Amino acid sequence: MVAPRPTRTQGGIFAFLRSMFNQRTPGRVAVSIVFGLLSLNALLQAGLAAIGRSDDPLVLTLLQAMVGTAAAAAGWYLHRRLGTD
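If you're wondering where the values come from, they're calculated on a predicted model, not measured in any experiment. The written sequence of each chain sets the order in which its residues are numbered from 1. In view of the model being predicted, local features appear only for residues whose pLDDT reaches at least 70, and side-chain atom pairs are presented and counted only at 80 or more, with totals across whole chains, interfaces and linings using the full set of residues. Computation of side-chain values covers all heavy atoms of the structure but excludes hydrogens and water.

Visitor: I'm lost on the overall build of the protein chain in this one. Help?
Guide: Only runs of H or I of at least four residues qualify as helices and only runs of E of at least two qualify as strands under DSSP, and these elements are numbered from the N terminus. Helix and strand counts for the protein chain come out as three helices and zero strands. Listed N to C, the secondary structure of the protein chain is α-α-α in terms of helices and strands. The contact criterion used throughout is that any non-hydrogen atoms of two residues lie within 4.5 Å. A separation threshold of at least 6 residues defines the contact pool for the protein chain, and within that pool the share at least 24 residues apart is 63%. A 1.4 Å probe and the Shrake-Rupley method give the accessible areas. Residues count as covered only by the protein chains that appear here. Working note: accessible area of the protein chain is about 6,700 Å², and carbon and sulfur atoms make up 68% of it.

This is the structure:
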């Protein structure tokens with residue numbers, strides 16, 4: 001008979017690791033802010049190119065939009081997920 005695998009809610013090492021990596025520290029808050037600023041910059045550059053205020057190539061505009069979206073998702077994840085129990 002195989003013993004059931006421990007889950008995250010049963011405590012032990014899983015609870016320790018979760019508490020260790022889910023702490024909201026000043027460094028993680030700073031990284032979240034940096035991702036937010038990078039997202040804002042990339043999306044503003046893509047927006048300016050979309051309305052014709054920049055002569056950047058289409059590929060660069062699309063890349064800036066993708067980078068801005070990814071940075072926004074990372075910043076939002078860090079802001080919402082870290083520090084919750």
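Visitor: Can you walk me through a nonpolar patch on the surface in this structure?
Guide: Patch construction takes residues with relative accessible area above 30% that form no salt bridge. Like charges are linked within 9 Å, and nonpolar side chains (Val, Leu, Ile, Met, Phe, Trp, Tyr) are linked within 5 Å. Definition used for salt bridges: Asp or Glu carboxyl oxygen within 4 Å of a side-chain nitrogen of Lys or Arg. A cluster of nonpolar side chains, contributed by Val-29, Ile-33, Leu-37, Leu-40 and Leu-44, occupies part of the molecular surface with about 470 Å² of accessible area. Along the chain, Leu-40 falls in helix α2 (residues 26-50).

Visitor: Would you take a moment to explain the side chain of Ser-39 for this structure?
Guide: Topologically, Ser-39 is positioned in helix α2. When its relative accessible area of 5% is taken as the criterion, Ser-39 is described as buried. Those residues in contact with Ser-39 that lie beyond four places of it in its chain are Gly-68, Ala-71 and Ala-72. Residue exposure (1.4 Å probe, protein chains only): buried if accessible area is under 20% of the type maximum, exposed if over 50%, otherwise partly exposed.

Visitor: Can you walk me through the packing of α2 against helix α3 (residues 58-81) in this structure?
Guide: When two helices pack together, their arrangement is captured by the angle between the axes and the distance separating the axes. A fitted line through C-alpha atoms serves as each axis, taken over the contacting stretch for helices, and the angle formed by two N-to-C directions is quoted from 0 to 180°. In the contact formed by α2 and α3, the axes pass within 7 Å of each other and the chain directions differ by 155 degrees. Accordingly, the angle class assigned to the pair α2 and α3 is roughly antiparallel. Seen from above, α2 lies across α3 with left-handed handedness. In this structure, α2 uses Val-31, Ser-32, Phe-35, Leu-38, Ser-39, Ala-42, Leu-43, Gln-45, Ala-46 and Ala-49 to contact α3, whose residues at the interface are Thr-61, Gln-64, Ala-65, Val-67, Gly-68, Thr-69, Ala-71, Ala-72, Ala-74, Gly-75, Leu-78 and His-79. Note on residue categories: nonpolar means Ala, Val, Leu, Ile, Met, Phe, Trp, Tyr, Cys or Pro, charged means Asp, Glu, Lys or Arg, and polar means any other residue, Gly included. Tallied by class, residues from the contact of α2 with α3 come to 13 nonpolar, nine polar and no charged. Working definition: roughly parallel below 35 degrees, roughly antiparallel above 145 degrees, roughly perpendicular at 65 to 115 degrees, and oblique for all remaining angles. Each crossing gets its handedness from the near helix: less than a right angle anticlockwise from the far helix is left-handed, clockwise is right-handed.

Visitor: Help me understand α2 in this model?
Guide: Turn by turn, an α-helix covers 3.6 residues, leaving residues three or four places apart pointing in a common direction. Here α2 is 25 residues long and its end C-alpha atoms lie 36 Å apart, about the 36 Å a rise of 1.5 Å per residue gives. Turning to α2, its buried residues number three or more, namely Ser-32, Ser-39, Ala-42, Ala-46 and Ala-49. The inward-facing, buried residues of α2 abut α3. Gly-52 occupies a position one or two residues after α2 and carries a positive phi of about 95 degrees. Helices are assigned an expected span. That span is 1.5 Å times one less than the residue count.

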